[in-house]
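Chain and residue survey
Now for the letters of each chain:
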Amino acid sequence: MGLADASGPRDTQALLSATQAMDLRRRDYHMERPLLNQEHLEELGRWGSAPRTHQWRTWLQCSRARAYALLLQHLPVLVWLPRYPVRDWLLGDLLSGLSVAIMQLPQGLAYALLAGLPPVFGLYSSFYPVFIYFLFGTSRHISVGTFAVMSVMVGSVTESLAPQALNDSMINETARDAARVQVASTLSVLVGLFQVGLGLIHFGFVVTYLSEPLVRGYTTAAAVQVFVSQLKYVFGLHLSSHSGPLSLIYTVLEVCWKLPQSKVGTVVTAAVAGVVLVVVKLLNDKLQQQLPMPIPGELLTLIGATGISYGMGLKHRFEVDVVGNIPAGLVPPVAPNTQLFSKLVGSAFTIAVVGFAIAISLGKIFALRHGYRVDSNQVAGAISSLFILLIIVKLGELFHDLPKAVLAAIIIVNLKGMLRQLSDMRSLWKANRADLLIWLVTFTATILLNLDLGLVVAVIFSLLLVVVRTQMPHYSVLGQVPDTDIYRDVAEYSEAKEVRGVKVFRSSATVYFANAEFYSDALKQRCGVDVDFLISQKKKLLKKQEQLKLKQLQKEEKLRKQAASPKGASVSINVNTSLEDMRSNNVEDCKMMVSSGDKMEDATANGQEDSKAPDGSTLKALGLPQPDFHSLILDLGALSFVDTVCLKSLKNIFHDFREIEVEVYMAACHSPVVSQLEAGHFFDASITKKHLFASVHDAVTFALQHPRPVPDSPVSVTRL
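The structure reproduced in this document is the subject of the present report.

Criteria and cut-off values
Residues numbered from 1 in each chain as written. Predicted model: local features only at pLDDT ≥ 70, side-chain atom pairs only at ≥ 80, totals over all residues. Heavy atoms only, no water. 1 Å grid on protein atoms, 1.4 Å probe; cavity = no way out; pocket = protein on both sides within 12 Å on 5 of 7 lines; lining within 4 Å. Points joined across faces, edges and corners; volume = space filled by probe spheres on them. Helix = DSSP H or I, 4+ residues; strand = E, 2+ residues; numbered from the N terminus. Axes fitted to C-alpha atoms, helices over the stretch in contact; angles between N-to-C directions. Parallel < 35°, antiparallel > 145°, perpendicular 65-115°, else oblique. Contact = heavy atoms within 4.5 Å. Nonpolar A, V, L, I, M, F, W, Y, C, P; charged D, E, K, R; others polar. Buried < 20%, exposed > 50% of the residue type's maximum accessible area, 1.4 Å probe, protein only. Pairing = 2+ DSSP bridges. Right-handed = clockwise from strand over helix to strand, strands pointing away. Phe/Tyr/Trp six-rings, centres within 6.5 Å; stacked < 30°, edge-to-face > 60°. Lys NZ or Arg CZ within 6 Å of the ring centre and 35° of its normal. Left-handed = near helix turned anticlockwise from the far one by under 90°. Salt bridge = Lys/Arg side-chain N within 4 Å of Asp/Glu carboxyl O. Patch = residues over 30% accessible without salt bridge, like charges linked within 9 Å, V, L, I, M, F, W, Y side chains within 5 Å. Areas by Shrake-Rupley, 256 points an atom, 1.4 Å probe, with all protein chains shown as cover.

1. Quick notes on empty space enclosed by the protein
- Inspection of the entire model under this criterion finds two cavities of 30 Å³ or more.
- Of the voids in this model, the largest cavity is the one considered here, and its volume is about 430 Å³.
- Lining the largest cavity we find 25 residues, and of these Glu 159, Gln 225, Ser 229, His 242 and Thr 251 sit closest to its centre.
- Mapped onto the lining of the largest cavity, the elements with two or more residues apiece are α7 (86-114), α9 (148-161), α11 (212-229), α12 (231-235), α13 (247-258) and α22 (433-471).
- Top contributing element to the lining of the largest cavity by residue count: α9, with four residues.

Structure, rendered in structure tokens:
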């Protein structure tokens with residue numbers, strides 16, 4: 001008591017000075033509108049839960065208009081073809097179709113090698129998909145056909161199920177090609193079924209999980225896979241078939257081992273073709289403004305190489321492998337081998353997702369660039385498919401003597417764009433190192449584990465990285481920017497000052513089960529108060545007070561009993577006392593003990609009530625340091641959802657800070673979050689919507705109008 005009395009005048013003076021300062025600050029914290037907590041905001045805005053729409057009801061509706069709309073949705077050619085401006089677009093589409101056909105011819109022949117198939121099937125792949133996309137496509141600029149990444153993915157499957165050789169013994173090439181064609185056709189059917197199914201269930205959201213660094217790292221690794229797969233054609237080597245993890249490493253090692261067996265004629269042919277292609281591409285880039293259309297370097301190289309090979313007899317004189325027989329006409333369709341479905345289902349799903357993602361990504365790029373939605377396609381695709389059909393029917397057999405080394409050179413030169421993506425590492429190092437990590441993991445996993453497993457690892461890693469990044473968000477204490485109602489991180493904005501007596505805390509990420517504990521720890525750390533230590537010390541001191549009060553009551557009870565007993569009473573016990581007397585005495589003693597116990601319980605209850613009283617249980621009364629703020633405001637504007645762990649963490653924050661005499665408020669919650677808080681029974685008698693404000697400034701203003709006097713200087717909490 002003496003200590004409290006001695007400190008009384010100083011406390012009164014501090015209280016008066018703090019109150020005067022608080023009045024001055026209130027004048028600066030006023031608003032032109034009423035303060036809005038959640039209850040007032042709901043009443044003012046007439047808030048209510050958004051009505052639920054049952055989408056499945058519209059799906060089950062059947063009418064002529066809905067049937068016609070579904071037909072137009074799935075067959076967009078019926079929408080744009082009647083409106084096609086013939087005079088404006090026909091000439092341009094004719095030239096575009098011819099250009100695409102000129103490009104598709106050499107690439108179709110070359111990419112068939114990537115898929116491990118006879119070259120004519122590359123021409124088939126340049127005809128059928130383009131014509132079908134003409135009917136069902138949704139982009140004006142995409143030309144569907146052979147693609148390096150898809151071709152090498154198909155090639156990895158065909159070579160694993162129909163290998164080049166078994167135990168280093170050559171097999172019948174005709175039988176091998178037939179088996180690979182059957183595998184590839186069955187795989188294509190499965191991929192098509194998967195993509196149709198994905199389209200019907202609107203699986204487009206999968207593209208959101210394939211970030212740009214992931215896609216670029218994946219395509220770069222695929223380019224390396226393609227490059228390595230063409231080395232056997234460049235050097236004229238016969239390699240063993242490798243599949244599965246580390247197959248790329250094994251292939252590179254085998255190429256290095258067999259380099260002395262390279263065929264000089266094949267190497268020279270590939271080198272000359274590569275130089276010609278590079279020179280033509282450089283000319284096209286330099287003369288882009290002067291040329292009406294690019295020089296068809298690949299087609300000219302194809303024609304020239306075929307003529308030279310036929311005239312000089314490269315196959316017989318220099319052992320240069322050539323394309324061989326290209327049958328004229330179209331091959332009749334054959335039903336897929338359903339027995340292969342179980343072996344191909346995993347690869348088919350991976351190829352379907354990758355192909356879908358690449359097509360959608362490219363379509364969106366062109367749509368954004370040219371200002372339209374991906375919802376129509378033009379006649380250029382049909383024109384290019386007709387040119388390819390003419391080549392298949394009549395002109396394909398003219399490329400019998402085309403060297404495979406030339407096709408390999410075409411593939412390698414066309415990888416220039418994807419291989420340039422290796423420079424992404426430097427730009428991502430400067431821009432975003434988390435994206436660089438995704439790029440590197442995707443690239444490495446795809447190189448080591450092949451394209452299918454590499455993609456799975458890349459997606460899983462990128463999702464885990466998102467979770468890790470939400471576990472370590474940016475936590476900040478906010479201060480007010482002068483003469484505004486804007487609050488920013490005081491560590492980043494030198495002019496932003498904390499409001500005296502109020503702590504405003506913000507997290508840059510939503511709070512959920514994976515980071516709720518980190519959120520609570522960061523909050524207590526940034527507030528500069530050892531909350532857990534204060535609570536534990538407070539409980540210890542309160543318990544000690546209760547024990548002292550109980551001892552005092554017991555002592556008083558003992559003195560009262562002694563005062564009530566007769567003076568000079570003997571305390572000796574007669575040995576001749578009967579058993580009944582002893583039992584009666586024991587009963588009386590038990591009654592007395594029960595009575596004393598009841599009194600002790602009453603004393604305990606009184607002690608607990610006294611501990612709740614403001615005079616005896618406050619930090620100041622207990623001799624514990626007080627926090628230098630009376631209100632804590634949680635800026636929850638970053639919350640997008642709440643789970644049960646978040647609800648428990650928020651309730652614990654309210655409880656813990658109230659234990660150290662700090663009131664807690666919340667601010668800037670979005671309506672869906674408020675609904676989830678209500679659904680989780682977060683609000684009760686102790687935490688109401690009056691503790692939730694429309695903005696941080698509302699909460700700060702309210703906290704300053706309902707303050708608890710704080711010390712004039714910050715108090716640092718140290719362990720006793």
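Let us keep going from here.
2. Description of the packing of helix α21 (residues 424-431) against α22
- One can describe the packing of α21 onto α22 by two numbers: an axis separation of 6 Å at closest approach and a directional angle of 150°. Taken as axis vectors, α21 and α22 run roughly antiparallel relative to one another. On the side of α21, the interface is formed by Asp 424, Met 425, Leu 428, Trp 429 and Ala 431, while α22 contributes Arg 433, Asp 435, Leu 436, Trp 439 and Leu 440.
- Partitioning the contact of α21 with α22 into residue classes produces seven nonpolar, no polar and three charged.

3. Observations regarding unusual backbone geometry
- If you check the backbone angles, Leu 246 has positive phi at about 65° while not being a glycine.
- In this structure, Leu 246 sits in the loop between α12 and α13.
- The phi dihedral of Glu 661 is positive, around 65°, even though this residue is not glycine.
- Among the secondary structure elements, Glu 661 is positioned in the loop between α27 (644-659) and β7 (663-667).

4. Describing the pairing of β7
- Among the five residues that make up β7, four are buried, leaving the element largely enclosed by the rest of the structure.
- Inspection of the sheet shows strand β6 (residues 629-635) paired to β7 by five bridges, in the parallel sense. Residue Leu 634 lies in a different strand from β7, and its bridge partner there is Met 666.
- With α27 bridging β6 and its parallel neighbour β7, the resulting β-α-β unit is right-handed.
- Handedness of the β-α-β unit built from β7, helix α28 (residues 671-679) and strand β8 (residues 692-693) comes out right-handed.

5. Considerations on the packing of aromatic side chains
- Following the criterion strictly, the structure yields 14 aromatic pairs and no others.
- With 5.2 Å between their ring centres and 90° between their planes, Tyr 512 and Phe 513 make a pair best called edge-to-face.
- In this structure Tyr 512 comes out as buried when scored by relative accessible area, which is 9%.
- An aromatic cluster is present here, built from Tyr 475, Phe 505 and Tyr 519 joined pairwise through their rings.
- A cation over an aromatic ring shows up here: Arg 433 above the ring of Trp 429, its NZ or CZ 3.7 Å from the ring centre.

6. Some words on the packing of helix α15 (residues 297-312) against helix α19 (residues 404-414)
- One can describe the packing of α15 onto α19 by two numbers: an axis separation of 10 Å at closest approach and a directional angle of 165°. In this view, α15 runs roughly antiparallel relative to α19, as classed from their interaxial angle. Relative to α19, the crossing made by α15 is right-handed. Contacts between α15 and α19 involve Glu 298, Thr 301, Leu 302 and Ala 305 on the former and, on the latter, Val 406, Leu 407, Ile 410 and Asn 414.
- Grouping the amino acids of the contact of α15 with α19 by side-chain chemistry returns five nonpolar, two polar and one charged.

7. Points about the pattern of salt bridges
- With the rule as written, the count across this model stands at 13 salt bridges.
- Where Lys 258 meets Glu 254, a salt bridge forms, and the shortest distance between an N and an O atom there is 3.1 Å. Placement of both Lys 258 and Glu 254 in helix α13 is noted, with a separation of four residues, approximately one turn of the helix. You'll find Lys 258 and Glu 254 in the same group, each marked buried.
- A salt bridge links Arg 560 to Glu 557, with the nearest nitrogen and oxygen atoms 2.4 Å apart. One end of the pair, Arg 560, and the other, Glu 557, are both in helix α24 (residues 531-564), three residues apart, so they sit about a helical turn from each other.
- The exposure class of Arg 560 is partly exposed, given its relative accessible area of 45%.
- The class for Glu 557 is buried, based on a relative accessible area of 15%.
- Here the residues in one salt-bridge network are Glu 42, Glu 678 and Lys 689, joined through shared partners.

8. Section: a nonpolar patch on the surface
- A cluster of nonpolar residues, Val 275, Val 279, Leu 283, Leu 287, Ile 295 and Leu 300, forms a patch on the protein surface that exposes about 470 Å² of accessible area.
- It is helix α14 (residues 264-286) that provides the largest number of residues to the nonpolar patch, a total of three residues.
- Structurally, the position occupied by Val 279 is in helix α14.
- Note on Val 279: relative accessible area 43%, which makes it partly exposed.

9. Let's talk about the side chain of Glu 254
- By relative accessible area, which is 11% here, Glu 254 ends up buried.
- Look past the residues within four positions of Glu 254 in its chain and what remains in contact with it is His 238, Leu 239, Ser 240 and His 242.

10. Considerations on the environment of Ala 408
- Mapped onto the elements of the fold, Ala 408 is located in helix α19.
- Counting along the chain gives 138 residues from Ala 408 to Ala 270, while the straight-line C-alpha distance between them is 7.2 Å.

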